[in-house]
Each structure stands twice: as structure tokens, then as C-alpha cells.
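# What the coordinates show
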Amino acid sequence: MAIQFILCFNKQGVVRLVRWFDICQVDSQKPQDMIVQIYRLISSRDHKHQSNFVEFSDSTKLVYKRYAGLYFVMGIDLQDEEPIYLSHIHLFVEVLDAFFGNVCELDIVFSFYRAYMVMDEMFIGGEVQEISKEVLLERLSILDRLN
Amino acid sequence: MMDSRKPASNGSSHNYSTTIKGLQLFIADLRSSQYSDEHEKRIQSEIVKIKQQFDSAAKKSANGKDKLGGYQRKKYIAKLAYIYVTSNTTKLNDILFGLDQMLELLASDSFSEKFMAYMTLEFLYEHAIVISKVRDKVTHQLIKDISGSNDNFVALALNFIGVAGKLDIEMSKDDNLTTEVFQILRSPTSTVYLKKKSALAFLTLLKTNPGILIDDPQRKQLWIQRILSLLDDTQNYRLMLAVLPLVEYIAKNIDLECCIRLLRQLTQILYNCVIVGTSNSEKFPSEFKFANVPNPWLITKIVSLLSILIVSPTEANNTSSAVLQSSNIDRETLGKLRMCVTKAIEVGTKSCNDPMERIVLNTILFSLINFASKLDPSPEAISNSVSALCSLLTSAEINIRYLTLDSLVKLCSISGRHAIDTVRYKNLNLIFHILDSERDSSIVRKVVDLLYTFTDSENLQIIVQKLFEYVQSSRHPTDPFIKSDIAVKIAILSEKFAIDAHWYINVSLNLLSLTSNSTLNDDEIWQRLCQIVVNNTSLHQITCEHLVDYLRETHTSEAIVKTGAFLLGEYANLVFEKASVGELFNLFTDKYFTTSNVTRAMILTTIVKLYRFSTAIESVVIKFFQIELNSLDIELQTRSFEYLNFVQLSKLNGNTKLLDVLFSPMPPFNTRSNPLLKRLGSLPSSGYSSTFSESIGSLHGDKDRSTTPPTSFSQASGRPAPPRSRGTKSASINTLASEPMLSSGWEEGFSRMLSHRKGILYTSGFLRVIYRITNPETENLTRLKISLTFINQSELKINGLSTEINAIRTADNPEYVLRNIEPPSSIDVNPRGRSEQSFEVIVRKTFSVIDSPTVKVYFSCGGSTNSIVLKAAIGVTSTITSSAAAKNTISLPQFVTRWKTLREALGDDGEYILEKIQLRRKKSGNPDGEYLRSIYQCISRMGFNIVEQTSVNNTLFIAGIIHTKSEGSFGCLIKLKYDEPKREVSLTCRTTSNGSLAQNISECLKYAISN
């Protein structure tokens, strides 16, 4: 039970955030090729009439959600239960939103290292480590001001 | 949120000290030239510039002074990181020159600089080349940061381990590093913030190298205890969230038993979340709620851990360490867990408008429903859960439909019959409707999985028909994976459950004819069909006739051509009335040029075989092979050349003797198991699959038919089931004969077990079961350890040996309890090999021997699935004091005095009389007196004292002490009379208890001596 990877890309398939927690499990494919396949799979799916879950390979299924022009994707083990990861994504986006102040794709482009700071405060080793938005934001604002 | 229309003013409006102006400008530059050559030039010029800066910095720092400065260094590294990220890692080699400066930055005392270095290295650790260059220095810095006093640096280092720990296996083998990480986790002075991070960083290291704990038993015990104690504060939800995954990993992969003690604790936490948290009380802190619902993260993690600690009865047979079953969980805990499930169903199925709250409630619902099957739910509870779930199938939310189906698949696979019946009898049409109307292939896949779990011979035809309709319908988007998946499942289900052989052949051929144009790899499907047809003579002709029809069509799928090429090559003679050899030859040569080389090679062989059936086609055959001598494909050319020679040689000899030898009929196939089963992917094994024998094995009809289900394919082909291999002789004991499932021959071992501490419990052509009863504690006679040894008696390997050992009662203050049930030591047993297992019985109260534990043994051997159901005889007499010293200490007068005392004290209540026990044992040539002698020995072996006397003939005076754990010890006296002419025994038993003890003892004696 763990996140294998976190991915964020826009509608054109340009990767904005990527974090591999478990690269060995993810077949023998090159990560870049996998990202392309994931993008193709997810962008081909109907936003309105299809679920947020799709099986990707013999070891991985994807939980994803689109927020405006950005897709947030998590790769998880087949035996994992999907819905909690949807909450993971939602919380992550909420924290990004509050941290950047109405976040948009460009925030993530220009301040990519701060977006990764958010990610690191939330996820370690494929597990969520903190789920209180207040605690996260307080912590992040301290780190953000440190020289 | 995620507003894409926000003006693009350099992204963030923040202006903290961390904003790096040069980086922002660089990114803006790159974005403005996104699609032109300028873009690449801009990157290259920046790389050149950074390289110059780094080079001169390296020279200067050799002089001892750092002229570059931390801020500049951070800025350049950030630019390199951006280049790496936006180039989608393709520019790795262009930025490797910066590694030295990254290490420099890593050693900085400034947080933002150190952060930038760690973050960049987190990306680059994906590449082995980077790791090999910087590993030593990075590890050194990690240890320095973790052991230092700056908590923010410790946090950065732990984050890094959490990301990169899995990418560099050496990191987890560094003992200093792992110890430092663990120190933070265990130290009482660490902040919760760091403990959380260290728990997950440690988990990452442990996942990469479990040897951290396994290799050192002392450390393993110590560290695990430390880790588990972190959960002791059941209110510290924040820490718990990070520690639970670590504990789960330990329970799953390192040491399950040490985690068992957490059960009550975890249950309490779950109870607090689910029951207290969903009531309106303020007791559950609101900061741990998400979307107004108690922390779904905590709930799913606890349930996930509990699912590992508790195994369901079905799993208990398969897992190697069946530790906790619902039967040995205390009632309070079990009650709380069940309450949580009920509550989750209640709140999860009620309507609510907020979509986020909805998904959270459903998270909890599905998590707990999937867990519920471990709690030994009643049939009603299962049925209610399934009904609640089915009501969600019509939900407007796509995700909920998906998750509901997923949950149903799990429930049906684990909970079996009751769940399945609720779905198939009440909701089948709804499921067909979803299959028909759903547009999401993820959901369709789950529907197909669900149908698969509950298909049996009864609903096979309708389900297969619906699946066919789906595959053929043009309304559905072509998803080749789904179609392939469905085809495989149709093939498996038809083979497994078809009652009508003709229907099976029709379906299989129809399936093969369908899959022509897809990318489907259907080789396994047609090959499997060929195996079954070859092994069943009655199918030869009908299959071949159908194949001719298919081949006569203009468009024939390649799979059909292959099947036809193989089967008609074998059995062309059976269709002569329908198609002559000449026509068959033409059919195949027509198809020849439209098929792949593999199929062509098969057709070449078919042509030689056809020639065997009728040499009249000689000239066309020779002509055909001659043409193919020019084939570009080496295999086709070789075959044509060889076959041409065969045919010409036959022509020369004037007979087909050589060909008859070379192409003699195919022997039956030995592949027992269906290779298609491997292609089920993630689908949990079907609730039915284990109970049905592999049909191809039973096609031969030479196995013990008592274990073959009535739906087995072999009966469809008209072969009557052979009689049971053994006569049932259990009729003599009516009480037990009413339990239909006991295997014939059980009784002999059962009786033996009452009089012998070890011996044979059961034996058949396949398997012999040997038992041994011991007392693990010499002082505690109510604790019995039963060891079973399974010996393979057959010439074939036994696979999948598993057992199920059940007490007659587990709840309501049971008479005895089973403990420490170890699974069989190996599940595969070679001929004459053995597998062992043990379990313990604690005798708590007096009980009837009829209620002894049942032992079910499952195994497959030579393709047939077998199950044996036995009773392991444990009676009250199994606890008798059997110390040799205590024997013979009672004299006849003493016996008589006690006998009278008992009568006076308890009257009829303590007495039981059993008459006319027939002795069945017949040993020819033994004088009658030997019977009494053997009864004497038998009773003595049971542990009773027998008064040594000669004054009363044909009577035994017996005494013993029965022990129970809850009710204490009881004395008993027995007077046993042997009626020599009638060869009957009658006995009178008196005990110091006025309950059923006397009767229970008498029954034990009856079983022991009558057999």
C-alpha cells in the first residue's frame, strides 16, 4: 500500500511535477516512456463520463483528477483501495492552492521548487505524512521564509 | 482552484527572500521562445555560462576562498534543475558537470540553499550514473545533517531518504545512516514532526533492505517493540498516521506475530474514528476531520493493518501464518469492529450533496466493507452489505459505480456463496444493464470481473451470451484489452462450467471466429480447445463438422484456421460424409495464402496428414509442396521439402507406412490446468474456482469421482460417473452419519485416536494422514497438541495441500477451543514425501466426542481436486491422567467403596449405562478370551487405571480422572462387563459430576473399544 509515483502534467502532456517513489516496481520501462503512455491513456479518457480510476499495467493502477488544465495522477499498487488516493490528490491541490494563493499552472512552472517543497512536506516514501491543511500551511510558510 | 485564466505575471505574486530573480527571468525567457530554435540556444548558452561560473569557482575555492557565493550557486543549480525537469530528463548529460557544485550547496548552512541541493539530487537520483558519482559524499552529508541539531536540516535529510532511499540500495545498507534515522524515531526528545518523517524514511530504507531488521534477531525484537510502542498513545493521530504504514510493512513482511497484540488498540482507534467521530460529539478533534468526516486516512490505514492481522477462514488455509481468526478474537473487540462496519454502511449509503464529503464517506465505506469479510459475518450481514452496495450501482457518480463494482468483486470472491447469491439472484439484470450502457472501460472491466466471480453451470449460458453481445456490439468503443480479457474469461468459464458439450464447442468456435481482427493473442484459447477435443473422443466428429462449416466461409479467422488445421488433420476421416479429402485440401490451400507463416506451417503438416487419409490427392499435394519449395520463409521451405520427400517416398513404396508412423494420432494431452487462468491478471480468484476440479483432468474419468462436482464436463459427454471408491460404513453410528460430508473411512482413525496417542487417522490411495497427540505442558492435561503428518501415497506430486481445522463451536463459551493452528509445512508434496502441521486443543468443559474438531484437507493430485473431511477425535478421556506411577494403586475393595459413595452422593444424575456395544473387530483365529484382553489393553492405553483382580470374571473395574480447564477435574469409575457368547459389552459409568460427563466418557469408550 503505497504511492508508486506522483505526476502532474497539463493538457498538452507537458510534465509539471514528477516524483518516483518506487521506480524498480514500475516494469523495466524508462520513466519518460511511461509518462507518455500515462498521458495518452488519461487524456483519451472522457472527463465527464468516465471514472477517475484506470488500470495501467500489471503492477499499477492510476488515480487521477483534472483541475482546470492540469492533471494530477498517482500510480498505486493494484491491491490498494482507490478512493483515499483521490483524497490525497484533492488535499495536495488544496494545499498548493492555499500556499500559492489561488494557484495556477504558471505558479508551478515558475516556482517549481516551492511546489516540490509542498510535495515533500506531504509525502515521504510513497506515504502521506500529514493531512491537516493548517499544520501543513503553517509549516510551509516557516520553511518558505527561511534563508 | 487551479485557475488557468490567471494573468501570467511571472507566476507567483509572493516576494519572499526565497524568490530567485535570475531563475524567474530565465524561465520567462524560455517560455517566450517555447517553440523555436531560440529555445534550445537559450538553454545551451545558459549551460555554457553556468559552466564557466562553476569552473572559475572551483579554481578559486582551491585557493581557499568561495567567490561564487551561496545565493549564486543556488540560482545556477535551480536553473540546471529547471532545464532537467522541462527537458523531460533528456538533458541529463548536459548538466552532470554541476554535480560537484550541488555537493557544495548541500553542505551549505543556509536552509534554502541546502533545500535546493537536496531537491535537485532527489530528481537526479533516478539515474545510476549520478548515484555512482555522488553517493559517498551525499551519504556523508545525510548523516551529518540527521545527527546535527538543526531540525530543519534533519527534516530535509529525512525527506531525501524518503525519496531516494528506494533508488540507491546502498543507502539502506549503511548501518550508520539507518541507525541515525531510527534514533530520531525512538528518541523521546524528537518532535512529532521529525518522528513522522523518520518513520517514513525508515520505512523506505526497510522496504529497500528488510535485512536492517531481519539480519539481527536482537535488534529486530528491540526495534520492532520501539516502533510498536509509538502507537501506544491512541490519541496521537498525527504520529499514528506516519507510523501505521511502517507497522503494516513489519506485520506483512517481517514479523506478524509481534503485531498481534495491537489488535485491541487498533480497534479502539478505529472505533473512536468511525463511531465517536461520526456522532455529533466533540470528542473527536475537528482538526483530524476531512470534509466533515473523521480522518479517512487514518481509517483506511488502520483497516489495512487490521486486514493483515486478521485472516478470514478462507485465507487461513492459504496463508502461511494464520494467526488471528475471528474465532479467536475476544467478543468485545469483534463486536466493536462489526459496529464500525455497520456504521460505515449506514453513513456511506446515505445521500449527501458535497462531492468531497461523498468521496470521503465512500472511502470509509468501501474500506470497511472489504474488511468485513474477515469478521466472520453472518449470512444476513453479508447479504445486507451486498444489498447496500448494489443500491449504489445506480449512483450518478461514476467513481462510486466503479468502486461499488470493485467492492462487489472482492466480496464475492472472499465471502462466497451468500454474497454471490445476493448479487446474482437479485441484481443480475442491473449488472447486465451496466455492461450494456457503461462508457468507461475501467467500469466494464470490473463488471466482467464480477460476472466472472459468480458464473456457474446454472447461469453460464446467459452470462456468456451477454459477454458475446458486448464484444460484438458496435456501440461500444473498441478497447482491445477489454475484448481480449472477455474472450479469455469466456473461454475459461465455458470450459469450467459447461454442461452441454455441444454448447461448449459452439461457444468456443464462435469465440475463435470472432477474435480474428483484434490484436488479441488468442493462441492459448484455440490450443486449449484442441487439447480438450483431443482428450474427448465424443467431441471429435462434431467439432470437425463445425470447423468445416467455418472454413467454407469466405472470411475465416486465423484462430479457426489453426484449430481446423490441427483437428481436421487428426480426424479428417470423421467428416468424409460432409467434406471429401479433396475439398478439405482445397479449403486449406485457399486459406493458406491469407494467413501468417505460423499458420501456413501448420497447414503444410495438415496437408501431409490429409494425404494419409486419401492418397488420391497425391498429385495436387506434390504440386503444392513443390511451389512452396520456393518459399522465402525458411521454416516453410524446410517443411515443404521434407514433406515432399515423404510423399514421394510413399508413392515409391506404394504405401503410407512411413507416414503412418510419423503422423500417428496425437496422444491425449497431459496439461491439466488451464493456461488461460494465468491471464486473469489482478482478479482475485473466483469464489467457486477452488471447489471445482480441473475439467481436463476429470475427462479421463479415472479419478475418485466422489470429489468431482456434478457439473463436471465429463458427464456432459455421456460417461456415467463411476461408483464411489469406497463403501460407506459409517451408517452404524447414526449421530455422525447425519453429517454428510465426512469422508468414508474416517471412523477407523477417529476411534483409534481415542485409544492411541499416535497412529493413522486416514488413508487412501492418495494420502495418508498420521496423527500424534502430546501434552505441551506436562502439568496441564487440558492442553493437547495434535500433530498431523500428511504422506503422499500416490505416484504423482500433490499440489496445493491445505487444511481447515474447525471447532464445533467457537462462540458462546465453547467446550473446547483451538489454538496455534499452524498451516501445513509445505503445500506441495512429492510422492512418498510428507507435510506436517499442528494445532492445539484446550479442553474447557466436558463435551461429547461427536463434537470433536473437523479436519478438512484439500489437495490436488494428478489433475483432480480432492477434499477429505475427517474428525480428529478429542474426547474428555483425552485428558485422563496417564502417569504410570499412578497406576494399579486402586484395589477392588477401594473401588467398591468409592462406587457406592458416588451412587449415594449423586444417584442417577452421575451415572450412565451403555449396553450392547457390539464388537466389530474380527481377527480370525483368535480365541474369544482375547477380546477381553484387547479391551483391557485399549482402556489401559487410554490412561485409565484398571483394578487388578481375578475374583469377578469378564468384568473390568476402571478408574480415572478427567481434567477440564474451566470446570476443574472429575473422578470417574466404570464397571465394564463382557458378554462372551454375544460378544457384547455393557458398561456403567459414575462420575463426580452430575452433568453429561458420564455419558461423554461412555461414548468415548464405546468408540475406542468397538472398532
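Please read these numbers as outputs of a predicted model, since none were measured by experiment.

Our focus in this paragraph is helix H13 (residues 217–229) of chain B. All names here are of chain B. With 13 residues, H13 extends 18 Å between its outermost C-alpha atoms, agreeing within 8% with the 18 Å of an ideal straight helix rising 1.5 Å per residue. Listing the buried residues of H13 in full gives Arg219, Trp223, Ile224, Ile227 and Leu228. Down the axis of H13, the buried set is contained in an arc of 150°. They therefore lie on one face. Counted as exposed and oriented over 90 degrees from the buried face of H13: Gln218, Gln221 and Leu222. Contact partners of the buried residues in H13: helix H10 (175–186), helix H11 (192–208), helix H12 (211–214) and helix H14 (237–254).

Take the interface of chain B and chain A next. How large an interface is tends to be reported as the accessible area lost when its parts come together. On the chain A side, the residues contacting the 82 residues of chain B number 74 residues. Interface area for chain B against chain A, summed over the two sides, is near 7400 Å², with a carbon-plus-sulfur share of 58%. Taken together, chain B and chain A are joined by seven salt bridges. Here Glu130 of chain A makes a salt bridge to Arg238 of chain B, at a shortest N to O gap of 2.9 Å. The interface formed by chain B and chain A contains 19 residue pairs in polar contact (both at pLDDT 80 or more). Here the side of chain B that touches chain A is composed, by residue class, of 36 nonpolar, 27 polar and 19 charged.

Residue and element names in this part refer to chain B. Most of strand S15 (residues 955–964) is tucked away: nine of the 10 residues are buried. Taken together, the two bridges between strand S14 (residues 945–946) and S15 define a ladder with antiparallel strand orientation. Its bridge partner lying in S15, Asn945 is registered against Ala959. Of the pairings in the sheet, the one linking S15 to strand S16 (residues 968–979) comprises 10 bridges and is antiparallel in character. From the neighbouring strand, Gly960 faces S16, where its bridge partner is Cys972. Counted along the chain from S15 to the antiparallel partner S16, the turn is three residues long.

Now for the packing of helix H5 (residues 99–106) of chain B against helix H7 (residues 128–147) of chain B. All names here are of chain B. Two elements in contact, H5 and H7, have axes separated by 11 Å at closest approach and are oriented at 15°. With respect to each other, H5 and H7 are oriented roughly parallel. Along this stretch, H5 crosses H7, giving a crossing that reads as right-handed. Between H5, through Leu99, Leu103 and Leu106, and H7, the contact on the second element is made entirely by Val130, Lys133, Val134, Lys137, Val138 and Gln141. Its residues assigned to classes, the contact of H5 with H7 shows six nonpolar, one polar and two charged.

Under the definition given, this model contains 43 salt bridges over all chains. Among the ionic pairs, Lys197 of chain B bridges to Glu121 of chain A, the shortest N-O distance being 3.1 Å. Residue Lys197 of chain B is located in helix H11, and its partner Glu121 of chain A is located in helix H4 (residues 112–122); the two belong to separate chains. Both residues of the pair, Lys197 of chain B and Glu121 of chain A, belong to the buried class. Glu46 of chain B is the salt-bridge partner of Lys49 of chain B, the closest N and O atoms lying 3.6 Å from each other. Of this pair, Lys49 of chain B and Glu46 of chain B are both found in helix H2 (residues 37–62), three residues apart, which corresponds to roughly one turn of the helix. Ionic contacts of the salt-bridge type, sharing partners, join the residues Asp29, Arg42, Glu46, Lys49 and Lys79 of chain B into one network.

Moving on: the packing of aromatic side chains. Residue and element names in this part refer to chain B. Evaluation of the coordinates by the stated rule reveals 35 aromatic pairs over all chains. When the centroid spacing of 6.3 Å and the interplanar angle of 20° are considered together, the rings of Phe111 and Phe115 count as stacked. One end of the pair is Phe111 and the other is Phe115, both in helix H6 (residues 111–124) and four residues apart, which spans about a single turn. Phe115 sits in the buried class, given a relative accessible area of 5%.

As a further point, take the sheet that holds strand S1 (residues 3–10) of chain A. Residue and element names in this part refer to chain A. Read across the sheet, five strands follow the order S2-S1-S5-S4-S3 without closing on themselves; strand pairing throughout is antiparallel. One side of each edge strand has no neighbouring strand; the edge strands of this open sheet are strand S2 (15–20) and strand S3 (53–55). Averaged over all adjacent pairs, the angle separating strand axes in this sheet is 20°, with direction ignored. Summarising the sheet, S3 and strand S4 (residues 60–67) pair through three bridges and their orientation is antiparallel.

The rules behind these values
Residues numbered from 1 in each chain as written. Chains lettered and ligands numbered in written order. Predicted model: local features only at pLDDT ≥ 70, side-chain atom pairs only at ≥ 80, totals over all residues. Heavy atoms only, no water. Helix = DSSP H or I, 4+ residues; strand = E, 2+ residues; numbered from the N terminus. Expected span 1.5 Å × (residues − 1). Buried < 20%, exposed > 50% of the residue type's maximum accessible area, 1.4 Å probe, protein only. Arc of directions from axis to C-beta. Contact = heavy atoms within 4.5 Å. Buried area = accessible area lost by both parts, 1.4 Å probe. Salt bridge = Lys/Arg side-chain N within 4 Å of Asp/Glu carboxyl O. Polar contact = N/O pair within 3.5 Å; in protein donor to acceptor, adjacent residues only side chain to side chain. Nonpolar A, V, L, I, M, F, W, Y, C, P; charged D, E, K, R; others polar. Pairing = 2+ DSSP bridges. Axes fitted to C-alpha atoms, helices over the stretch in contact; angles between N-to-C directions. Parallel < 35°, antiparallel > 145°, perpendicular 65-115°, else oblique. Left-handed = near helix turned anticlockwise from the far one by under 90°. Phe/Tyr/Trp six-rings, centres within 6.5 Å; stacked < 30°, edge-to-face > 60°.

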